[in-house]
Amino acid sequence: MQTSPEEGFFDEGDLVGVLTTQPIDRVLDYRAPEGGCMLGQFVEVPLGPRRVLGVVWAQGRGDYDLSKIRPVSRVLDAPPMTEEMREFLERAAAYTLTPMPAMLRLGTRAPGLGDPPSMRKVYRLGEGAPDRMTPAREKVLGVLREYGGLSFTLKELADYADVGTSVVKGLVKQGAVREEDTPRDAPYPLLDPDLPGKALTGDQQAGAERLRAGVRSGRYGTTLLRGVTGSGKTEVYLEAVAECLRQGRQALVLLPEIALSSEFLDRVRTRFGGLPAEWHSGVTMTERRRAWKMVGEGQARMVVGARSALFLPYRDLGLIVVDEEHDTSYKQEDGVLYNARDMAVLRASLAGAQVVLASATPSLESWANAEAGKYERIDLTDRFGPAVMPRMRAIDMRDEDLPGARWISPTLKRAVEGRIEKGEQALLFLNRRGYAPVTICRACGNQIGCDHCDARMVEHRFLKRLMCHQCGETKPIPEACPSCEAEGKLAPVGPGVERLAEEVAGVFPDARVAILSSDLYGTARQLKAQIEAIAQGGADIIIGTQIVAKGHNFPLLTLVGVIDADLGLQGSDLRAAERTFQLMRQVAGRAGRADQPGEALLQTFQPEHPVIRAILGGDEEAFWAAEAREREAAGVPPYGRMAGIVLSGTDVQEVFDLGTRLARNDVALRRIGAQVFGPAPAPIARIRGRHRVRLLVKADKGAPLQAALADWAGQVRLKGETRMAIDIDPQSF
Ligand code: ADP
Ligand code: ZN
C-alpha cells in the first residue's frame, strides 16, 4: 500500500526528522528503516558511536550531505506518541523556554521503554497427580486448591506453602502443577463509574452536574472548584471522573503530596471498585513501566499522580483534576521549571479535555481567571453535615506572660485543656521541622550553617544530627563550636516541632501526644498508619507541620492552635500574604467536623496586620480583591508577567559580573517594554556549593516575553561550569 508522508507514514529510505533525548537542540535527519515508520513512533537511531532513543518528529529536512544520512536502527514496540502529546511538548517547551530534548525526556521517563513485553512464569493447579505425596507437596497443592483461580509466581507459591522452590518444580515435572508464561505488565482493573456513590447534597449535586456536562461536551474548559475543607470537593470531582470513564476517556487526578495518596486511593476504590494507575516518586520501576505502557495503550483509564503524571502518553485524555491547586509543590524547581497547574490547562486545551482546579484557598491566579470569565467557578459554601467553619481568634502575644524558650501561651494552654477534658483533640501547628531552626554558640555568637548552602543547619534531635533543609546534608551535633572551639556552649534557638513536643510534654504531662512531620516517617505507609491512629482518637494533642494542612480528616479535632501565625509574613516576597492566608485558612479548616463546633487560635505579635485581620475576618472575597488590587498596582502576576533568570557557578564574583553584563545589555527586553531588576542574590543564594544570582524581568501582560528573553539570554556565552536557568512565572518575586 502506498502511503504519503502527509498521512504520517514514511516508506523505507524516506527522510525523517528524529528528535532525540540527547542534548542536541534540533531534529536530526535519518532514513526510514526497512518496513517504514510513522510519525510519533519511538525509535533507536545511531548518534556517533552510540544508539539513542528518539521519536519520529517530522519530515526530514535533507539540508546536508544526503549520502551521509544513516537509517533508523530500530522501531520500538511502543504506541506512537500522539500528535496531541507532541504538540503539548512543543508548546510547553516554548512557554518554559526549555530545550526540546529536555522536554522529551520528561515525556519518556519510563524504564525499559520499547523493550519487548517481558514474560514471567506463573503456577497453577495442573491435571496430573504426583507419584507420591509428601507433607511439603500436600501444602503446595493445598494452597493452589484454596486459591482456585489465582496464579502465583514461583517464589510466592513457595512462600505461601512455606516450602522450598524445588518442591514446586518437582510437582511441575509430574504435571500436578502447571507452569505458564504471562506478560509481566498486568492490565489495571476496570473501574466501574456506576457503582452507587454517596448521596450528594443539593449544592454538591448541582456542582457535579456542571462538571459532568463539561466532560460530556468533549471540549476544553477549566472550572475552579472552590469550597472549604470538608465541603465535599473530592466527592464532587469524583463524579466528573465517573463521567469521563463513562465516555471511555482517560482521567488524571493530580495531588500535591504523595503521603496523601493512600487515603485518596481508598476513596477511589470505594467509589469505582478498583485502584487506578499511580505515578509518583514512590512508585517502583516495574510499576512505572506498567503505568507508562498501559496509559499509552489507553488501558489505564484513571491515573493518580504527582505533577510529572502530566507527561504520560495518554491516548485520549478527557479530564485533569488538580487537587489543592494553590499548592506550591506543583511548581517544579529543578531541571525543567514548570508549573503543573498551568501545564495541565495547556494539555487539556490541546486534548479537548476539562480541567477542575480544586481548592479551599485558590491561588490568586486562578481566582483572577475566574473573575475574568476565563474559568468557570463552582462554590461549595457549606461543610458537609451541620459543621461550620471554625471560630477564629487571635492571641495577642504581647499580652501573654511567657518565659523565654516557651511558645504555648497561657490562653492557648487553657483552651487545649478544655478540649482534652471533653475528650476532643487539639492540633498545635508549627510549620518548622526538627528541634530548633538555629544552633548558636553562646561564646562567639556563631550560628552553625551548612558547608555548601547559604542556610542554617537545623537540629533534628530524634536523628541526633544537624540537617540542612536545602541540600539534605546532615552532620553530627558537634560538642564544640566549629568557629571558636568553646566546649558546651552550643544552644538551640527558636522552636521546631520536636522542641514544641518537649514543651507540650511539660505543660500537659498526662496528654497523649502525636507528632506529624514528614521527616519522622520512613514510608508513606507509616505516615498513613499514624494518621489513622490519630483519626481514631489515638492522641489528645497533635503537633504538626505543613502536612496536616493538606486534607486529612480528623473527626475528633476541634481546636487548632497556630504557634506562630507571623512566621510566613516576614521577608519581602509579594506572595507572602497569599501564602500565609492560604496556609492559615487550611490549617484552621482542620478543626470541627460533623456536629462538633471548631475553634482556631492564632498566636501573633501583630494582630492588627492586614493579613492576620483578613484571616480572622474570613471574608475571602474581600481579601482576594484587595490582594488583586495590590498586585495590579505593582504590575506583577497575575496582572503582569515575570521571569527569573538564575545564574549559578562556583566563583561568586564571576557569576555576579555575568549578571551585571546581562542587566546592562537589555535592548531585547526594552524593545518589548520590559524592565530588568538585579542582579541580586537568589532567594537561595548558595546551594551545594554553587553561588546563585538572580535577575528579575517584569513585562506587561500581553508582551511577547519568551521571545524577548530568548534573544536576550542568547547573547550570553556561558563559560566553564557557569549555568543559567530561566524561570517563567517564578514562585517568589
Ligand atoms: P473536601 O475535598 O472538600 O475536603 P471531601 O470530599 O473530602 O471534602 O468531604 C469531606 C468528608 O465528608 C469526607 O469524609 C466525605 O466522604 C464526606 N462527605 C462529603 N459529602 C458527602 C455526602 N454527600 N454524603 C456523605 N458523605 C459526604
Ligand atoms: Zn546545604
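Parameters and conventions
- Residues numbered from 1 in each chain as written.
- Chains lettered and ligands numbered in written order.
- Predicted model: local features only at pLDDT ≥ 70, side-chain atom pairs only at ≥ 80, totals over all residues.
- UniProt positions renumbered as here; feature names shortened; annotations may be inferred.
- Helix = DSSP H or I, 4+ residues; strand = E, 2+ residues; numbered from the N terminus.
- Rg over C-alpha atoms; globule rule 2.2 N^0.38 Å.
- Buried ≥ 20, exposed ≤ 12 C-beta atoms within 10 Å, placed from the backbone.
- Domains from an automatic or database assignment.
- Core = buried A, V, L, I, M, F, W, Y, C linked by C-beta atoms within 7 Å.
- Contact = placed C-beta atoms within 7 Å.
- Pairing = 2+ DSSP bridges.
- Axes fitted to C-alpha atoms, helices over the stretch in contact; angles between N-to-C directions.
- Parallel < 35°, antiparallel > 145°, perpendicular 65-115°, else oblique.
- Nonpolar A, V, L, I, M, F, W, Y, C, P; charged D, E, K, R; others polar.
- Left-handed = near helix turned anticlockwise from the far one by under 90°.
- pLDDT = per-residue confidence, 0-100.
- Expected span 1.5 Å × (residues − 1).
- Arc of directions from axis to C-beta.

The chain has the name Replication restart protein PriA in an unreviewed UniProt entry, where Histidinibacterium aquaticum is given as its organism. As stated in UniProt under Subunit (unreviewed entry), the record for the chain gives "Component of the replication restart primosome." Here the chain is described in UniProt, under the heading Sequence similarities (unreviewed entry), as follows: "Belongs to the helicase family. PriA subfamily."

What to know about the overall build of the chain
Looking only at helices and strands, the chain has 20 helices and 31 strands in total. A compact globule built from 733 residues should have a C-alpha radius of gyration of about 27 Å, and the chain, at 29 Å, falls within 12% of that. Dimensions of the chain, computed from C-alpha atoms along their principal axes, come out at roughly 85 × 80 × 65 Å. Buried residues in the chain amount to 43% of all 733 residues.

Side note on the domain arrangement of the chain
What the domain assignment reports for the chain is domain 1 (9-108), domain 2 (119-183), domain 3 (202-282 + 301-380), domain 4 (391-435 + 494-628) and domain 5 (640-728). Computed over C-alpha atoms, the centres of domain 3 and domain 5 are 33 Å apart.

Quick notes on the nonpolar core
Val18, Val241, Leu254 and Ile320 are the most contacted members of the largest nonpolar core, which totals 140 residues. In contact with valine 18, not counting residues within four places along its chain, are Val27, Leu28, Tyr30, Val43, Val45, Gly54, Val55, Val56, Trp57 and Val72.

A look at the sheet that holds strand S22 (residues 474-476)
Across the sheet, 3 strands lie side by side as S20-S21-S22; this open sheet has antiparallel pairing. The open sheet terminates on both sides in strands that have one partner only, identified here as strand S20 (457-460) and S22. On average, each strand axis in the sheet is tilted by 30 degrees relative to the strand beside it, whichever way the strands run.

Comments concerning the packing of helix H3 (residues 135-146) against helix H4 (residues 154-161)
Between H3 and H4, the shortest axis-to-axis distance is 9 Å and the interhelical angle comes to 110 degrees. Overall, the two elements H3 and H4 adopt an arrangement that is roughly perpendicular. Here H3 contributes Lys139, Val140 and Val143 to the contact with H4, which in turn contributes Leu157, Tyr160 and Ala161. Across the contact of H3 with H4, the residue classes break down as 5 nonpolar, no polar and 1 charged.

A few points about unusual backbone geometry
Proline 637 connects to proline 638 through a cis peptide bond whose omega is 5 degrees. If you trace the backbone, proline 638 turns up in the loop between helix H17 (620-634) and strand S28 (640-649). For the bond from glycine 678 to proline 679, the omega torsion is 10 degrees, close enough to zero to count as cis. Phi at alanine 405 is positive, roughly 55 degrees, even though this residue is not glycine. Within the secondary structure, alanine 405 sits in the loop between strand S17 (391-396) and helix H12 (410-421). The phi torsion at glutamate 485 lies on the positive side, around 70 degrees, for a residue other than glycine.

Thoughts on the environment of tyrosine 188
Mapped onto the elements, tyrosine 188 comes out in the loop between strand S9 (177-183) and helix H6 (202-217). The sequence separation of tyrosine 188 and alanine 300 amounts to 112 residues, and the corresponding C-alpha distance is 5.9 Å. Among residues more than four places away in sequence, those in contact with tyrosine 188 are Ala277, Met294, Gln299 and Ala300.

Notes on the sheet that holds strand S10 (residues 221-227)
Adjacent strands of a sheet form backbone hydrogen bonds with each other and so pair up, either parallel or antiparallel. In space, the 7 strands of this open sheet follow the order S12-S13-S11-S14-S15-S10-S16, with parallel pairing throughout. Each edge of the open sheet carries a strand with a single partner, namely strand S12 (277-279) and strand S16 (376-380). Strand-to-strand twist of the sheet, defined as the mean angle between neighbouring strand axes without regard to direction, takes the value 20 degrees. For S12 and strand S13 (residues 302-305), the ladder comprises 3 bridges, and the chain directions are parallel.

Brief notes about the packing of H6 against helix H7 (residues 233-246)
Running from N to C, H6 and H7 cross one another at 30 degrees; their axes reach a closest spacing of 8 Å. In this view, H6 runs roughly parallel relative to H7, as classed from their interaxial angle. Viewed along their axes, H6 and H7 form a crossing whose handedness is right-handed. Of the residues in H7, those in contact with Gln204, Gly207, Ala208, Leu211, Arg212, Val215 and Arg216 of H6 are Glu235, Val236, Tyr237, Glu239, Ala240, Glu243 and Cys244. Residues belonging to the contact of H6 with H7 are distributed by class as follows: 7 nonpolar, 2 polar and 5 charged.

Here's the deal with the UniProt feature "binding site: Zn(2+) 2" (unreviewed entry) in the chain
With numbering aligned to this structure, UniProt lists the feature "binding site: Zn(2+) 2" (unreviewed entry) at Cys450, Cys453, Cys468 and Cys471. A maximum C-alpha distance of 8.7 Å places the annotated residues, which cover 22 residues in sequence, within one compact spot. Inspection of the secondary structure puts cysteine 450 in the loop between strand S19 (438-441) and S20. Of the residues examined, cysteine 450 has 24 C-beta atoms within 10 Å and is grouped as buried. Those residues in contact with cysteine 450 that sit more than four places away from it in its chain are Ala455, Met457, Cys468, Gln470, Cys471 and Glu473. Note that cysteine 471 resides in the loop between strand S21 (465-468) and S22. For cysteine 471, the contacting residues outside a window of four places in its chain are Cys450, His452, Cys453, Ile687 and Arg688.

Regarding the UniProt feature "binding site: Zn(2+) 1" (unreviewed entry) in the chain
Here, the residues flagged by UniProt with the feature "binding site: Zn(2+) 1" (unreviewed entry) are Cys441, Cys444, Cys481 and Cys484. Spatial clustering of the annotated residues is evident: they stretch over 44 residues in sequence, but the largest pairwise C-alpha distance comes to 8.5 Å. If you trace the backbone, cysteine 441 turns up in strand S19. In this structure, cysteine 441 is in contact with Asn446, Cys481, Ser483, Cys484, Ala486, Lys489 and Leu490, ignoring residues within four places of it in sequence. With respect to the helices, strands and loops of the structure, cysteine 484 is situated in the loop between S22 and strand S23 (490-493).

A closer look at the confidence of the model for the chain
Averaged over the chain, the pLDDT score is 87; the fraction of residues at 70 or greater is 93%. Note on the complex model: pTM 0.80, ipTM 0.96.

What to know about the pairing of strand S29 (residues 675-687)
Where S29 lies against strand S30 (residues 690-700), 7 bridges are found, and the strand directions are antiparallel. Residue pairing across strands places proline 681 opposite valine 693, the latter belonging to S30. In this structure, the hairpin formed by S29 and S30 is closed by a connection of 2 residues, where arginine 688 is found at a positive phi of approximately 45 degrees.

What about the pairing of strand S26 (residues 557-562)?
Two faces, one strand: in a regular strand the side chains alternate between the faces of the sheet. With 6 of 6 residues buried, S26 is to be regarded as a mostly interior element. Where strand S18 (residues 425-429) lies against S26, 5 bridges are found, and the strand directions are parallel. The residue bridging alanine 426 from the neighbouring strand is leucine 559, located in S26. Here 4 bridges tie S26 to strand S27 (residues 599-604), and the two strands are oriented parallel to one another. What sits directly across from valine 562, in S27, is leucine 602.

A short note on H6
Every α-helical turn comprises 3.6 residues, leaving residues that sit three or four positions apart pointing alike. Helix length check: H6, at 16 residues, gives a terminal C-alpha distance of 23 Å against a target of 22 Å (1.5 Å per residue), a fit within 8%. Taken together, the buried positions of H6 are occupied by Gln204, Gly207, Ala208, Leu211, Gly214 and Val215. Angularly, the buried residues of H6 cover 120 degrees about the axis, an arc narrow enough to put them on a single face. Relative to its buried face, H6 has exposed residues pointing more than 90 degrees away, namely Gly202 and Ser217. On its buried face, H6 sits against S10, H7, strand S14 (317-323), strand S15 (354-359) and S16. Glycine 218 occupies a position one or two residues after H6 and carries a positive phi of about 70 degrees.

A word on H3
Its 12 residues give H3 an end-to-end C-alpha distance of 16 Å, which sits within 8% of 16 Å, the value for a rise of 1.5 Å per residue. Taken together, the buried positions of H3 are occupied by Arg137, Val140, Val143 and Leu144. The arc that holds every buried residue of H3, seen down its axis, measures 125 degrees, which confines them to one face. The exposed set on the far side of H3, more than 90 degrees from its buried face, consists of Pro135, Gly142, Arg145 and Glu146.

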